[in-house]
Amino acid sequence: MTGGGVAPVDLTVNGEPLTLLAGPGATLLDLLRSRAQLTGSKQGCNSGVCGVCTVLVDGKTARACLMLAADCAGRTVVTIEGLDDDPHAAVLGEEMAKAGAVQCGYCTPGIVVALTDLFRRTAVPPDAAAVRHWLGGNICRCTGYVSIVEAAVRAGQRSVGADIEARAP
Ligand code: FES
Ligand code: FES
């Protein structure tokens, strides 16, 4: 423990072991944005509702605003920045751009992280209903969701359970 109740938290972020200082009550989102300068994870409702802070913790979708920093010791976190080389995320990005599924873009990192998790879990490309269900916790105030769902279905068809290198857009 250091002064003012600030304590170090050891965790792995995007493959890199880090020790980040967390103040009292700090969340994982605070750590990522303020201490690690990883601002791709956005801050919205701060109460687990909007999904813009979505990251992967130990390989599963999690709301970074709901996790206490102190509880993240020893965990492995992947943010949108850590998906730069992820083939599912790359295909999603292409399809979302083509479909006009990115407007202000505030929701986009959380949606890409969540859908990447879905694509990694399933052997069968998700249909529109499955995508809508999975994205139930990701709010978009711009698009009306139709273009996002369309893009996700197309991306899934290209990348899920396939050698995605071999599937041209
Ligand atoms: S900021 Fe985390 S769910 Fe809204
Ligand atoms: S594109 Fe603006 S909130 Fe989704």
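Just above sits the structure.
In this report, we go over the structure that sits alongside the text. What you see is a predicted model, and the numbers here were worked out from it, not measured in a lab.

### Section: the side chain of H88
Now for step 1: Take H88: it is sitting in helix α2 (residues 87–99).
Now for step 2: A polar side-chain atom of H88 sits 3.1 Å from a polar atom in the side chain of S159.

### Re the environment of P125
Now for step 1: Its place among the elements puts P125 in the loop between α3 (108–121) and α4 (128–134).
Now for step 2: Sequence separation of P125 and I80 is 45 residues, and the distance between their C-alpha atoms is 21 Å.

### Looking at the layout of surface pockets
Now for step 1: Approximately 180 Å³ is the volume attributed to the largest pocket.
Now for step 2: Lining the largest pocket we find G44, C50, V52, C104, Y106, C107, I139, C140, R141 and C142.
Now for step 3: The class makeup of the residues in the lining of the largest pocket is 8 nonpolar, 1 polar and 1 charged.

### Some points on the sheet that holds strand β2 (residues 16–22)
Now for step 1: Read from one edge of the open sheet, 5 strands run β2-β1-β5-β3-β4, paired in mixed fashion. Across the chains shown, the open sheet's two edge strands, defined by having one partner strand only, are β2 and β4 (60–63). The sheet shows a mean angle of 45 degrees between the axes of neighbouring strands, direction not considered.
Now for step 2: Alignment of strand β1 (residues 7–13) against strand β5 (residues 76–78), held across 2 bridges, turns out to be parallel.

### Observations concerning the packing of α2 against helix α5 (residues 146–159)
Now for step 1: Where α2 contacts α5, the axes come no closer than 8 Å and their chain directions differ by 140 degrees. Comparing the axis directions of α2 and α5 gives the class oblique. When you trace α2 past α5, the crossing you get is right-handed. Contacts between α2 and α5 involve H88, V91, L92, E94, E95, M96 and A99 from the first element and S147, E150, A151, A152, R154, A155, R158 and S159 from the second.
Now for step 2: Per-class residue counts for the contact of α2 with α5 are 7 nonpolar, 3 polar and 5 charged.

### As for the side chain of S41
Now for step 1: Along the chain, S41 falls in the loop between α1 (28–35) and β3 (54–57).
Now for step 2: Once you skip the residues sitting within four places of it in the chain, S41 turns out to touch L29, L32, R33, V52, C53, V55, T79 and I80.

### Describing the nonpolar core
Now for step 1: One finds I111, L115, V131 and L135 to be the most contacted residues of the largest nonpolar core, which totals 27 residues.
Now for step 2: No other element matches the 7 residues that α3 contributes to this core.
Now for step 3: Excluding residues within four positions of it along the chain, L115 makes contact with L92, V131, W134, L135 and A152.
Now for step 4: Within the second largest apolar cluster, 23 residues are counted, among which are L20, L29, L32 and A69.

### Here we look at unusual backbone geometry
Now for step 1: For N46, which is not glycine, the phi dihedral falls at a positive 60 degrees.
Now for step 2: Inspection of the secondary structure puts N46 in the loop between α1 and β3.
Now for step 3: Looking at N46, the relative accessible area reads 41%, which means it is partly exposed.
Now for step 4: Notably, D58 is not glycine yet its phi reads approximately 50 degrees, a positive angle.
Now for step 5: Its relative accessible area of 44% is what places D58 among the partly exposed residues.

Scoring rules and cut-offs
- Residues numbered from 1 in each chain as written.
- Chains lettered and ligands numbered in written order.
- Predicted model: local features only at pLDDT ≥ 70, side-chain atom pairs only at ≥ 80, totals over all residues.
- Heavy atoms only, no water.
- Helix = DSSP H or I, 4+ residues; strand = E, 2+ residues; numbered from the N terminus.
- Polar contact = N/O pair within 3.5 Å; in protein donor to acceptor, adjacent residues only side chain to side chain.
- 1 Å grid on protein atoms, 1.4 Å probe; cavity = no way out; pocket = protein on both sides within 12 Å on 5 of 7 lines; lining within 4 Å.
- Points joined across faces, edges and corners; volume = space filled by probe spheres on them.
- Nonpolar A, V, L, I, M, F, W, Y, C, P; charged D, E, K, R; others polar.
- Pairing = 2+ DSSP bridges.
- Axes fitted to C-alpha atoms, helices over the stretch in contact; angles between N-to-C directions.
- Parallel < 35°, antiparallel > 145°, perpendicular 65-115°, else oblique.
- Left-handed = near helix turned anticlockwise from the far one by under 90°.
- Contact = heavy atoms within 4.5 Å.
- Core = buried A, V, L, I, M, F, W, Y, C linked by side-chain atoms within 4.5 Å.
- Buried < 20%, exposed > 50% of the residue type's maximum accessible area, 1.4 Å probe, protein only.

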